[in-house]
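One-letter residues, chain by chain:
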Amino acid sequence: MTDRQRKIQSENKHLRMHLSNDTVFDDLTNLRTMNAYQQDAEIFIGTHKRFGIPVSTGIITLRYEDQILNLLSEESKMKLIKEISKVMVASLRENDIIYNISGLNGKPKWAVLLFSKRDGVDIAIERLKKNVEKKLDEKQNLNKYDIQLKIGISEYNNDIKSVNEFIADAMQNQEYDV
């Protein structure tokens, strides 16, 4: 029985990985996923190369995420992710796209694609941060935790060769978000 259960668990894990790779929308947040981000980023970058429109991305995580996530129940984690996602969508312009790129590791991570230079992104991100922190302060079960966002921004340039490098550059810049 134990061997059969392990086999079923392994098959389940395998199927979840394939499902997460193929889905375009996240079930919890109804945001686009990493798969969609990569496809859209290629389009944004192509538009940049063809028309010279600036393109930027932001990678957003929770500051001290391990400590915060350890304090929350599974239900509270899901509520937190849904609430942050909802506020982010409301904080951005219509043509800016927000993605849930968490994947299977369970740690919340979002990305945003914008047709904007770095200074425009800084303004949008500050607005997003303030809106999220204000909304979380209003939530009874979440306001006792010091939940803050950690954001890294990258403006696309010709030195960046792929979407993965674009993401990596933004994540590296996240280290400087104090």
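Residues numbered from 1 in each chain as written. Predicted model: local features only at pLDDT ≥ 70, side-chain atom pairs only at ≥ 80, totals over all residues. Heavy atoms only, no water.

Participant: Talk me through the sheet that holds strand S3 (residues 109-114); I want residue IDs and the actual numbers.
Facilitator: Across the sheet, which stays open at both edges, the 4 strands sit in the order S2-S3-S1-S4 with antiparallel pairing between neighbours. What marks the edges here is a single partner per strand, and that holds for strand S2 (97-100) and strand S4 (149-155). Shown here is a sheet whose adjacent strand axes are inclined to one another by a mean of 20 degrees, direction ignored. Note: S2 against S3, 4 bridges, orientation antiparallel. Across the sheet, residue isoleucine 97 finds its bridge partner in S3, namely leucine 113. On the sheet, helix H4 (residues 74-91) packs against strand S1 (56-62), S2, S3 and S4 and is oriented at approximately 10 degrees with respect to S3. (Pairing = 2+ DSSP bridges. Helix = DSSP H or I, 4+ residues; strand = E, 2+ residues; numbered from the N terminus. Axes fitted to C-alpha atoms, helices over the stretch in contact; angles between N-to-C directions. Contact = heavy atoms within 4.5 Å.)

Participant: How would you sum up the nonpolar core? Please name residues and give values.
Facilitator: Within the largest apolar cluster, 27 residues are counted, with the highest numbers of intra-cluster contacts made by Ile84, Met88 and Leu149. Within the residue set of this core, elements represented by two or more residues are S1, helix H3 (65-71), H4, S3, helix H5 (118-138) and S4. Sort the elements by how many residues they give to this core and H5 lands first, with 6 residues. Apart from residues no more than four positions distant in its own chain, isoleucine 84 is found in contact with Leu62, Trp110, Val132, Leu136 and Leu149. Counting 17 residues, the second largest nonpolar core, distinct from the first, contains Ala36, Tyr37, Ile59 and Val163. (Core = buried A, V, L, I, M, F, W, Y, C linked by side-chain atoms within 4.5 Å. Buried < 20%, exposed > 50% of the residue type's maximum accessible area, 1.4 Å probe, protein only.)

Participant: Go over the side chain of threonine 57, please, and point to the residues and values.
Facilitator: One can find threonine 57 in strand S1. We classify threonine 57 as buried; its relative accessible area is 0%. There is a polar contact of 2.7 Å between the side chain of threonine 57 and the side chain of tyrosine 37. Once you skip the residues sitting within four places of it in the chain, threonine 57 turns out to touch Tyr37, Val112, Leu113, Gly152, Ile153, Ser154, Phe166 and Ala170. (Polar contact = N/O pair within 3.5 Å; in protein donor to acceptor, adjacent residues only side chain to side chain.)

Participant: I'd love a proper account of the environment of leucine 28, names of residues and values included.
Facilitator: The topology assignment puts leucine 28 in the loop between helix H1 (2-22) and helix H2 (34-51). Leucine 28 gets classed as partly exposed once you look at its relative accessible area, which sits at 29%. With 146 residues separating them along the chain, leucine 28 and glutamine 174 place their C-alpha atoms 25 Å apart. Excluding residues that lie within four positions of it along the chain, leucine 28 makes contacts with Met78, Ile81 and Lys82.

Participant: Summarise the side chain of glutamate 65; cite the residues concerned and give the values.
Facilitator: Of note, glutamate 65 is situated in helix H3. Of the side chains with opposite charge, lysine 107 lies nearest to the buried glutamate 65, which makes no salt bridge, at 4.1 Å. With sequence-adjacent residues up to four places away left out, glutamate 65 is seen in contact with Lys107 and Pro108. (Lys, Arg positive; Asp, Glu negative; His and termini not counted. Salt bridge = Lys/Arg side-chain N within 4 Å of Asp/Glu carboxyl O.)

Geometry only, nothing functional implied.
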